[in-house]
Amino acid sequence: MIIFKKIKALRDFLEPVRITGSIGFVPTMGALHEGHLSLVETCRNENTVTVSSIFVNPAQFNDPKDFLKYPVTIEKDIQRLHGGRCDILFLPDQQEIYPPGINKETVDLARLDQVLEGKFRPGHFQGVCKVVNRLLEIVEPHRLYLGQKDYQQCMVIRRLLDITGRTTTLNICATVREPDGLAMSSRNLRLTAEDRRRAPAIYQALEYCKNNLVKGNLSDLKQSALRMLSEQGFRIDYLEIADAVTLELLTQWDGKQDVVALIAAFIGDVRLIDNMVLSD
Ligand code: AMP
């Protein structure tokens, strides 16, 4: 694996590949686990060259304390990417990504950034767009790989690609889970043994929604799923069922619309998010 810290060197390397082959891109913030590596593997299978990036993006942390607390495990990450046979790691510093005078315009996300995570983390998705836009400008990949684990982020980036007219194709990869259903996340390491035992209730609540979705009012379904979480000691930010594309929050299901259930909840002081598409 080749590590580039500078944009120019990375672009010089990628220029011939862009003409003769395809570039796949997996952006991350590090603290890598099997979920990230599954994106790298899918990317490897579909492209000539796989570029991954590690950049902890201050612009997407609505609480600066969270940015300072974000786990940095760069040596381990490099080993993991190497083991996953990633071709290139782009490891820029702040100056490289955000030089003075960089475009600070916000993106019209058609309210995608106002609901769910957007409501609880104001400014988060604008920050995500800022960094992804910048990384896409630098890497110019043919294909971009994101995890369904961050469902709303995927819809936001799909919208970003649409409105910026980029030709990059978005590939959304399935959430990688622990054997008991808990979605892999660097945050799982912060769970106490007792909270870790309770944490799969999020997955169980999502499965419950999937298995019990019926046409009509969604309120009973949501109430039962909420109860499953509160019984396990979760404090819930939201549990919603939404249109799978626009993320409009729904109170009724017409039996046809593609819908997704999304949850954000605290167990102890760890905030977990997860989602499941309910209608196939
Ligand atoms: P992050 O480093 O948390 O910004 O995540 C980088 C990418 O990995 C994002 O596209 C995430 O959605 C994806 N990702 C994180 N956790 C998982 C998981 N458990 N399964 C699949 N993809 C994931």
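Keep in mind that this is a model prediction, so the values were computed, not measured.

Each value, and the rule that gives it
- Residues numbered from 1 in each chain as written.
- Predicted model: local features only at pLDDT ≥ 70, side-chain atom pairs only at ≥ 80, totals over all residues.
- Heavy atoms only, no water.
- pLDDT = per-residue confidence, 0-100.
- Helix = DSSP H or I, 4+ residues; strand = E, 2+ residues; numbered from the N terminus.
- Disulfide = S-S within 2.5 Å.
- Buried < 20%, exposed > 50% of the residue type's maximum accessible area, 1.4 Å probe, protein only.
- Near = heavy atom within 4 Å.
- Polar contact = N/O pair within 3.5 Å; in protein donor to acceptor, adjacent residues only side chain to side chain.
- Areas by Shrake-Rupley, 256 points an atom, 1.4 Å probe, with all protein chains shown as cover.

Engineer: Hey, could you run me through the confidence of the model for the protein in this one?
Structural biologist: Atom-level detail of predicted coordinates should not be read off regions where pLDDT is low. Confidence in the prediction of the protein, expressed as mean pLDDT, is 97, and 100% of residues score 70 or more. No element of the protein has a lower mean pLDDT than helix α3 (residues 64-69), at 90, and none a higher one than strand β5 (residues 143-147), at 99.

Engineer: Is there a simple way to think about the state of the cysteines in this case?
Structural biologist: Here, disulfide denotes a covalent bond that connects the sulfur atoms of two cysteines. For the structure shown, the criterion picks out zero disulfides. This cysteine, C43, is not joined by any disulfide, and C86 carries the nearest cysteine sulfur, 7.6 Å off. Among the cysteines around C154, which has no disulfide bond, C173 carries the closest sulfur, lying 8.5 Å off. Given a relative accessible area of 1%, C154 falls into the buried group.

Engineer: Please explain the site of the ligand as it appears in this structure.
Structural biologist: The environment of the ligand is made up of 16 residues, and the closest members are M29, G147, D150, V176 and M184. H36 is positioned with one of its side-chain polar atoms (N or O) 3.1 Å from an oxygen atom of the ligand. In this structure, D150 approaches the ligand through a side-chain N or O atom, which is 2.6 Å from an oxygen atom. Contact with the protein chains covers 91% of the free accessible surface of the ligand, which is 490 Å². Residue assignment for the shell around the ligand shows that the elements contributing at least two residues are β2 (23-28), α2 (34-46) and β5.

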